[in-house]
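# Understanding the architecture of this molecule
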Amino acid sequence: MPLPDQFLAHLSHAPGFQLASFAAVHEVPTPAPVSVRCHPRKGKHLFEGQAAVPWHESGIYLSERPDFTLDPLFHAGAYYVQEASSMSIVQALNAAFGTERELRVLDLCAAPGGKSTLIASWLDGDGLLVANEVIRNRASVLKENLDRWGYANVVVSNNDPRQFAKLEAFFDAIVVDAPCSGSGMFRKDLDTQQHWSLEAVEHCSLRQKRILEDVWPSLREDGILIYSTCSYSEAENEAQIQSFLEAHDAEFVPIQELEAVSGIVRSSLGYRFYPDQIRGEGFFLAMLRKKTPAEPREQKSKLSSKAISGLLADWIAQPNEFSTLESHLGLTLFPQPQFGHVRPLLKHLHILKCGTLLGEQKGTRFLPDHELALSVHLTDEVPGFEVGKEEALHYLKKESLPNRHSLSGTQLLRYQGRALGWGNALPNRINNGLPKSWRIRKELDF
Ligand code: SAM
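Predicted, not measured: the structure shown is a model, and the values here were computed from it.

Thresholds, definitions, all that
- Residues numbered from 1 in each chain as written.
- Predicted model: local features only at pLDDT ≥ 70, side-chain atom pairs only at ≥ 80, totals over all residues.
- Heavy atoms only, no water.
- Near = heavy atom within 4 Å.
- Polar contact = N/O pair within 3.5 Å; in protein donor to acceptor, adjacent residues only side chain to side chain.
- Areas by Shrake-Rupley, 256 points an atom, 1.4 Å probe, with all protein chains shown as cover.
- 1 Å grid on protein atoms, 1.4 Å probe; cavity = no way out; pocket = protein on both sides within 12 Å on 5 of 7 lines; lining within 4 Å.
- Sits in = over half its atoms within 2 Å of the grid points.
- Helix = DSSP H or I, 4+ residues; strand = E, 2+ residues; numbered from the N terminus.
- Contact = heavy atoms within 4.5 Å.
- Buried < 20%, exposed > 50% of the residue type's maximum accessible area, 1.4 Å probe, protein only.
- Pairing = 2+ DSSP bridges.
- Points joined across faces, edges and corners; volume = space filled by probe spheres on them.
- Nonpolar A, V, L, I, M, F, W, Y, C, P; charged D, E, K, R; others polar.

### Overview of the site of the ligand
The ligand sits among 17 residues. The nearest are Cys109, Gly114, Glu133, Arg138 and Asp177. A distance of 3.2 Å is found between an oxygen atom of the ligand and a backbone nitrogen or oxygen belonging to Ala111. Contact distances for the ligand include 2.8 Å between an oxygen atom and a backbone N or O atom of Gly114. Bound to the protein, the ligand loses 84% of the 600 Å² it would expose on its own. Most atoms of the ligand, that is more than half of them, are within 2 Å of grid points of the largest pocket. Among the elements of the structure, helix 5 (114–123) and helix 8 (198–215) are those that each provide at least two residues to the shell around the ligand.

Put into structure tokens, the structure is as follows:
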């Protein structure tokens, strides 16, 4: 379908816009590239031989789109299916913080979790990530994706941006991947194209402005705000940043690594990705540094942290690095150095996840939670066994499996060495410990 004239006229003055090639890649059939980002621990050596995304070392283009639902490695959290352009926020994080990782990062508009899983990988267990999503059912999807990603230094919240006001100067970095008019996704999503209008751009621009205003107080002095959209409209991008800079004590921060990539357009106040000029979809990225002095609000009450001990210590690779935390969510594993920051989060936000759920003690037995099965902090010593693809998919459909090796008790099922979940081995079968909501609903044809 040809792009609407009003849309093309609207973009005619956008920085770096090239009408002929842009229109050409939107003509059917020009499939959008398929890309994945591998988990730094679970996804090593996957997709070898395929082309790399130039701006993210774990980003890979696939030559065709497989059925990800039928790949057990996807369910194990070995990779995340993510549009390539949006992987560029890793370059902003690198430019701002180098190798420093003891940071508190907020991903404010986080569902379904593309940027959050990227940030979690980048932190690789250090610091703290708060991944927030305002829409409740989207926040559940976000939680599931972060459970699968397996890090304990992750909190998931379900709040409106203005509810972060009480966490004054709390974060070192905030990512605002703002809801937008979505023109950058036109090639992938015809629906977005049909809903596009100048009014929608204006509406989104006002909403983005409000979101930025709401969250700004929770960034510390010298902290970094990374702003992105998948829109080409200047009102949502450069003009948004310009008016923000006029009203706040902040500065634009260039990202040298992106300037070096051929095809990425450096505009007055950001970086633009056009699908006819790079291998990815439309995207805009800008980074700002806060210059206003801001004191973190003193958070008086403290939670007492408990060391990992007894039976529990047998399940965790490096128990000394963690504490256990008891909250309305149950008993969770949480990184010891971040423990002091948990209290204000639990107090001021609606928290859906706070570290990794450990499980329950039943008499002398410990029944591990599914989150612990997928955790990168689980020890390799837990008893378990390897399954082939067919058995893995039956497990992921929540079927019981035959007990072929005369195993007993709690067992970790692994596919190609990656954990899928727990089973309880009885003499005649292995009962399936996968949570019902995680099961594959698709019919298998074998
Ligand atoms: N960062 C996500 C990722 O990489 O997977 C994509 C985020 S999407 C571009 C924008 C998100 O903002 C959506 O999940 C949407 O529900 C959320 N959103 C919508 N209205 C919002 C608002 N008023 N304040 C904050 N977030 C909002």
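### Details of the environment of Arg104
Within the fold, Arg104 resides in strand 4 (residues 104–107). With residues near it in sequence (within four places) discarded, Arg104 still touches Leu128, Phe170, Phe171, Asp172, Ala173, Gln338 and His341. Among the polar contacts listed, one links the side chain of Arg104 to the backbone oxygen of Phe170, at a separation of 3.5 Å.

### Overview of the pairing of strand 6 (residues 154–157)
Covered by surrounding structure in strand 6 are Val154 and Val156 together with Val155 and Ser157, the residues of both alternating faces. In this sheet, strand 6 lies alongside strand 5 (residues 128–132) in parallel orientation, the contact comprising 4 bridges. Considered in strand 6, the bridge of Val130 is made with Val155. The pairing of strand 6 with strand 16 (residues 351–354) spans 3 bridges and is classified as antiparallel. Looking at strand 16, one finds that Ser157 is bridged to Ile351.

### Some thoughts on the layout of surface pockets
Looking at the largest pocket, its volume works out to about 1,100 Å³. Along its surface, the largest pocket is lined by 38 residues, and Cys109, Ala111, Pro112, Arg138 and Asp177 are the ones closest to its centre. Of all the secondary structure elements, the ones that give two or more residues to the lining of the largest pocket are strand 1 (34–38), strand 3 (79–81), helix 5 and helix 8. Of the residues in the lining of the largest pocket, the class split is 19 nonpolar, 7 polar and 12 charged. Quantified by volume, the second largest pocket comes out at close to 400 Å³. Surrounding the second largest pocket, 20 residues form its lining, Cys38, Pro40, His56, Glu57 and Ser58 being those nearest its centre. Contributions of two or more residues to the lining of the second largest pocket are made by helix 4 (89–97) and helix 5. Among the residues making up the lining of the second largest pocket, the classes are represented as 8 nonpolar, 8 polar and 4 charged.

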